[in-house]
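# Coordinates in review
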Amino acid sequence: AQRVTQPEKLLSVFKGAPVELKCNYSYSGSPELFWYVQYSRQRLQLLLRHISRESIKGFTADLNKGETSFHLKKPFAQEEDSAMYYCALSGYGGATNKLIFGTGTLLAVQP
Amino acid sequence: DTEVTQTPKHLVMGMTNKKSLKCEQHMGHRAMYWYKQKAKKPPELMFVYSYEKLSINESVPSRFSPECPNSSLLNLHLHALQPEDSALYLCASSPRDSTDTQYFGPGTRLTVL
């Protein structure tokens, strides 16, 4: 079965602290992994995807096929990073043509 | 134009009303999606249109009826809704299919009385 697991509903850190939002997946084909972010009162938007290998707003994520993980990391959290983060999965050879979302992690960065 | 637009922003309707939600994109994307999102929950897929044809219906009740009049426009027709259908309805588009980045609209906040 295709599944995305985000074990933390809420992650609270202080400004300047490192952040890691966990994401594990289950997929029978070749996965495409995404992180989407939803800031307060803004639309859901792509933060990054694994094939681009970019660092966006200081965030990075590495696809680890052995551990079936795609954790999101940032070395120094900023208050403006406070938002809901969704890990999502699509791909070839497994699921049909749809994006599967995890349950989301609310990141709260305290001043 | 690199955004997905949705109208109306807010909609309040009674259980006997008929209304429609509209979604538009001018990015030349060939896949369009409707999602339902409840507070503090991830989006739930409802429908996928691929090249203007309905390709996925996630067992959505028939009181929701999608329509894709052309490659830029997506409608969701609503009839005889229930209070539990109150939610944020999101539209999204992507260049070809779900392996591409999806671009989301701001959503329509629907309240069913």
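Overview of the structure.

How each quantity is defined
Residues numbered from 1 in each chain as written. Chains lettered and ligands numbered in written order. Predicted model: local features only at pLDDT ≥ 70, side-chain atom pairs only at ≥ 80, totals over all residues. Heavy atoms only, no water. Helix = DSSP H or I, 4+ residues; strand = E, 2+ residues; numbered from the N terminus. Contact = heavy atoms within 4.5 Å. Disulfide = S-S within 2.5 Å. Buried < 20%, exposed > 50% of the residue type's maximum accessible area, 1.4 Å probe, protein only. Pairing = 2+ DSSP bridges. Axes fitted to C-alpha atoms, helices over the stretch in contact; angles between N-to-C directions. Phe/Tyr/Trp six-rings, centres within 6.5 Å; stacked < 30°, edge-to-face > 60°.

### What about the environment of B:Glu58?
Along the chain, the position of B:Glu58 falls in the loop between strand 6 (53-57) and strand 7 (64-70). Measuring from C-alpha to C-alpha, the distance between B:Glu58 and B:Leu45 comes to 6.8 Å, with 13 residues separating the pair along the chain. Setting aside residues up to four positions removed in sequence, B:Glu58 forms contacts with A:Lys98, B:Leu45 and B:Met46.

### As for the state of the cysteines
Working definition of a disulfide: a covalent bond connecting the sulfur atoms of two cysteines. Under the counting rule described, the total for this entry stands at two disulfides over all chains. Across the disulfide, A:Cys23 is cross-linked to A:Cys87 (sulfur-sulfur distance 2.0 Å). On the sign convention where negative means left-handed, the S-S torsion of about -65 degrees between A:Cys23 and A:Cys87 marks this disulfide as left-handed. One end of the pair, A:Cys23, is in the loop between strand 3 (19-21) and strand 4 (24-26); the other, A:Cys87, is in strand 9 (residues 83-92), and 64 residues separate them in sequence. Given the relative accessible area of 0%, A:Cys23 is considered buried. Shown here is the disulfide that connects B:Cys23 with B:Cys91, its sulfur atoms set 1.9 Å apart. On the sign convention where negative is left-handed, the bridge of B:Cys23 and B:Cys91, at about -70 degrees about the S-S bond, is left-handed. Residue B:Cys23 is located in strand 3 (residues 18-25), and its partner B:Cys91 is located in strand 9 (residues 87-94); the two are separated by 68 residues in the primary sequence.

### Re the sheet that holds strand 1 (residues 4-7) of chain B
Residue and element names in this part refer to chain B. Strand order in the open sheet formed by four strands is 1-3-8-7, with antiparallel pairing between adjacent strands. Looking along the sheet, the strands with just one partner apiece sit at the ends: strand 1 and strand 7. Going across the sheet, the axis of each strand differs from the next one's by a mean of 20 degrees, ignoring polarity. With four bridges joining them, strand 1 and strand 3 adopt antiparallel strand pairing. Within strand 3, the residue paired with Thr 5 across the bridge is Glu 24.

### Notes on unusual backbone geometry
Phi is mostly negative for residues that are not glycine, and the peptide bonds are mostly trans. Residue and element names in this part refer to chain B. At the junction of Thr 7 and Pro 8, the peptide bond is cis and its omega measures out at -5 degrees in the coordinates. Mapping Pro 8 onto the fold places it in the loop between strand 1 and strand 2 (10-13). One non-glycine residue, Lys 40, lies in positive phi territory at about 60 degrees. In this structure, Lys 40 sits in the loop between strand 4 (31-37) and strand 5 (44-50). By relative accessible area, which is 71% here, Lys 40 ends up exposed. Although it is not a glycine, Glu 52 adopts a positive phi angle of roughly 70 degrees. Note on placement: Glu 52 falls in the loop between strand 5 and strand 6.

### Considering the packing of aromatic side chains
For the coordinates displayed, the defined rule picks out 10 aromatic pairs over all chains. Where B:Phe64 meets B:Tyr89, the ring centres are 5.8 Å apart and the plane angle is 35 degrees; that geometry is what we call tilted. With a gap of 25 residues between them, B:Phe64 in strand 7 and B:Tyr89 in strand 9 connect regions that are remote in the sequence. In terms of burial, B:Phe64 and B:Tyr89 fall into one category: buried. Among the aromatic residues, ring-to-ring pairing joins A:Phe34, A:Tyr36, A:Tyr86, A:Phe101, B:Tyr33, B:Tyr35 and B:Phe104 into one connected group.

### Here's the deal with the pairing of strand 11 (residues 108-112) of chain B
Regular strands have side chains that alternate between both faces of the sheet. All names here are of chain B. Covered by surrounding structure in strand 11 are Thr 108, Leu 110 and Val 112 only, the residues Arg 109 and Thr 111 on the alternate face being uncovered. The sheet contact formed by strand 2 and strand 11 spans four bridges and is parallel. From the neighbouring strand, Leu 11 faces strand 11, where its bridge partner is Leu 110.

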